[in-house]
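Breakdown of the fold
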Amino acid sequence: MHDLVEDLVVPDGVPEAAATVLRTARELLRQSYYCYEFSTVAVMLRDRIPGAGKKPLHQLIKQGADTGVLTVRQAEYLDYGRQIRNGMAHGQTTHAAMPPAMAVPMVTTSFTIVSELCAAPTE
């Protein structure tokens, strides 16, 4: 598991609240636990999207794509991960834990998108 997460480094400039969640997601993944790491992306989107308020993640993803905060690729990845998480959280998927083969790409996507959002200029 250490080898699977060694490239998941929190980039410089990520706000501490998001960095803490990313580190936690990485360490939980290292210990083979399931973690809803996409909450980090929701935090970043709330900072970037005017009037985001407390909208659910699916609305933030749509609004982020509509306003250009997210690329089409980012929105697709986030929505796919959101659907997997929802399936597990709501009992539609029968696995009690997410296998590393599914979890690593999801956590990696979170790291990538948070890094990209932090690098994008704020309006």
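Residues numbered from 1 in each chain as written. Predicted model: local features only at pLDDT ≥ 70, side-chain atom pairs only at ≥ 80, totals over all residues. Heavy atoms only, no water.

Looking only at helices and strands, the protein chain features 6 helices and 0 strands. In the protein chain, which comprises 123 residues, the proportion classed as buried is 38%. Put simply, of all contacts in the protein chain between residues at least 6 apart along the chain, 55% involve residues at least 24 apart. With the model as given, the accessible surface of the protein chain reaches about 7100 Å², and the carbon-plus-sulfur share is 56%. (Helix = DSSP H or I, 4+ residues; strand = E, 2+ residues; numbered from the N terminus. Buried < 20%, exposed > 50% of the residue type's maximum accessible area, 1.4 Å probe, protein only. Contact = heavy atoms within 4.5 Å. Areas by Shrake-Rupley, 256 points an atom, 1.4 Å probe, with all protein chains shown as cover.)

So, on to the confidence of the model for the protein chain. Chain-level statistics for the protein chain give a pLDDT mean of 76 and a share of 72% at 70 or above. Within the protein chain, the lowest mean pLDDT, 70, falls on helix H3 (residues 38-48), and the highest, 90, falls on helix H4 (residues 57-67). (pLDDT = per-residue confidence, 0-100.)

With respect to the helices and strands, Leu 60 occurs in helix H4. Assessed through its relative accessible area of 0%, Leu 60 is described here as buried. In sequence terms Leu 60 and Ala 75 are 15 residues apart; their C-alpha atoms lie 9.5 Å from each other.

Let us now look at the side chain of Arg 48. As for its position among the elements, Arg 48 is in helix H3. Classification of Arg 48 as buried rests on a relative accessible area of 18%. In terms of polar contacts, Arg 48 uses its side chain to reach the backbone carbonyl oxygen of Leu 117, at 2.3 Å. (Polar contact = N/O pair within 3.5 Å; in protein donor to acceptor, adjacent residues only side chain to side chain.)

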